[in-house]
Amino acid sequence: IVVYGTSLTEGGAWVSGLKEILDRRFPGQVKLTNSAKAAQWSGWGLENLEERVIAFAPDAVFLEFAINDSYLPYQTSVTKCDENLNALIDRVHAANKNCEILLMTMNPPVREHLEIRPLIEQYYQVYRDTARKRGLLLIDHYPVWRRILDENPAEFNRLIPDGIHPSDEGSTKLTLA
């Protein structure tokens, strides 16, 4: 398994939590590689796909780039996000047509992080639509995080203290739920 995305994956405690779950359930049978990189987007993902994903010949790949595709300074339109996501999927499947691809939406950014990601919901919708159209698995964390933000902002702020990166507790509690 290769996980590939942004800082929400590279530094997300959910990745080590997933590894622990897999190790308990399938001792010695699963190798999990975290190929994510903080501050990156799907354009970087395409440029580095061969060495950071395909070289591992994964049976499954988790993709998570929407939060940084929506980052205004990267100038990645919703259309370009869609094109890049589909290119990532196509290239992974060209290398291994049986590779399971799981698309992920993550938490909403807040405060200054939302100001520079004002269209985040549209980018997450690209992942939902792509999963549906292509028959891929979708792990849609956004609605759960959104409900916490709407119903209990203090709890949301406790779990995502910097406004974008979940704490280890928030990452494992919600991403692995």
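See the structure above.
Every chain begins its residue count from 1, and numbering advances along the sequence as written. It should be noted that, the model being predicted, local features are given only for residues of pLDDT at least 70 and side-chain atom pairs only at 80 or more, the latter also being counted only at that level, while totals for whole chains, interfaces and linings use all residues. Values reported for side chains reflect all heavy atoms of the structure, with hydrogen atoms and water molecules removed beforehand.

## Description of the overall build of the chain
Right, so step 1: When its secondary structure is counted, the chain shows 11 helices and five strands.
Right, so step 2: Rg of the C-alpha trace for the chain: 15 Å, near the compact-globule value of 16 Å for 177 residues, within the 12% margin.
Right, so step 3: If you line up the chain on its principal axes, its C-alpha atoms span 45 × 40 × 25 Å.
Right, so step 4: Here, residues are in contact when the closest pair of their heavy atoms is within 4.5 Å. Considering only intrachain contacts with a sequence separation of at least 6, the fraction spanning at least 24 residues in the chain is 76%.
Right, so step 5: Of the charged side chains in the chain, 19 are positive and 24 negative; the average position of the first set lies 3 Å away from that of the second. In this text, helices come from DSSP runs of H or I with a minimum length of four residues, and strands from runs of E with a minimum of two, each type numbered from the N-terminal end. Restricting the calculation to C-alpha atoms gives the radius of gyration, and the globule rule supplies 2.2 Å times the number of residues raised to the power 0.38. Neither His nor the chain ends is counted toward charge; the positive residues are Lys and Arg and the negative residues Asp and Glu. The atoms used to mark charge sites are NZ of Lys, CZ of Arg, CG of Asp and CD of Glu.

## Some points on helix α6 (residues 78-95)
Note on helix geometry: an α-helix contains 3.6 residues per turn, so any two residues three or four positions apart are oriented the same way.
Right, so step 1: For α6, spanning 18 residues, the distance from its first C-alpha to its last is 26 Å, which sits close to the expected 26 Å at 1.5 Å a residue.
Right, so step 2: Partly exposed describes any residue whose relative accessible area lies between the buried limit of under 20% and the exposed limit of over 50%, with all areas from a 1.4 Å probe on protein chains only and scaled to the type maximum. For α6, the full list of buried residues reads Cys 81, Asn 84, Leu 85, Asn 86, Leu 88, Ile 89 and Val 92. For a helix, the expected span equals 1.5 Å multiplied by the residue count minus one.

## Remarks on the state of the cysteines
Right, so step 1: Any cysteine sulfur atom paired with another within 2.5 Å is treated as part of a disulfide. A complete count under the given rule lists zero disulfides for this structure.
Right, so step 2: Cys 81 carries a free sulfur, and the closest cysteine sulfur to it, the one in Cys 99, is 19 Å from it.

## A few points about unusual backbone geometry
Right, so step 1: The phi torsion at Ala 57 lies on the positive side, around 45°, for a residue other than glycine.
Right, so step 2: If you trace the backbone, Ala 57 turns up in the loop between α4 (49-52) and β3 (60-64).
Right, so step 3: A residue is classified by how much of its surface remains accessible, and Ala 57, at 59% relative accessible area, is exposed.
Right, so step 4: Of note in this structure, Arg 111 is not a glycine but carries a positive phi near 55°.
Right, so step 5: With respect to the helices and strands, the residue Arg 111 is situated in the loop between β4 (100-105) and α7 (112-115).

## Thoughts on the packing of aromatic side chains
Right, so step 1: Aromatic pairing here means that ring centres of Phe, Tyr or Trp (its six-membered ring) are within 6.5 Å. Orientation follows from the plane angle: under 30 degrees is stacked, over 60 is edge-to-face, and everything else is tilted. Enumeration according to the criterion identifies eight aromatic pairs in this entry.
Right, so step 2: An angle of 40° between the planes, with centres 5.6 Å apart, marks the rings of Tyr 4 and Trp 44 as tilted. Of this pair, Tyr 4 sits in strand β1 (residues 2-5) while Trp 44 is found in helix α3 (residues 42-47), placing the two residues 40 residues apart along the sequence.
Right, so step 3: Looking at Tyr 4, the relative accessible area reads 0%, which means it is buried.
Right, so step 4: Centroid distance Trp 44 to Phe 65: 6.4 Å. Interplanar angle 55°. Geometry classified as tilted. Of this pair, Trp 44 sits in helix α3 while Phe 65 sits in the loop between β3 and α5 (66-69); the two residues are 21 residues apart in sequence, bridging distant segments of the chain. Judged on exposure class, the residue Trp 44 and its partner Phe 65 are both buried.
Right, so step 5: In textbook terms, an aromatic cluster arises when at least three aromatic residues are bridged by ring pairs, as seen for Tyr 4, Trp 44 and Phe 65.

## Some remarks on the nonpolar core
Right, so step 1: Judged by nonpolar contacts, the single largest core of 41 residues is most densely connected at Tyr 4, Trp 14, Leu 63, Leu 103 and Tyr 127.
Right, so step 2: Of all the secondary structure elements, the ones that give two or more residues to this core are β1, α2 (13-25), α3, β3, α5, α6, β4 and α8 (120-134).
Right, so step 3: Core analysis: the next-biggest nonpolar cluster, separate from the first, contains eight residues, Val 110, Ile 148, Leu 159 and Leu 174 among them. Remark: nonpolar core denotes a set of buried residues (Ala, Val, Leu, Ile, Met, Phe, Trp, Tyr, Cys) joined through side-chain atoms within 4.5 Å.

Without other data, these values stay purely geometric and don't point to any function.
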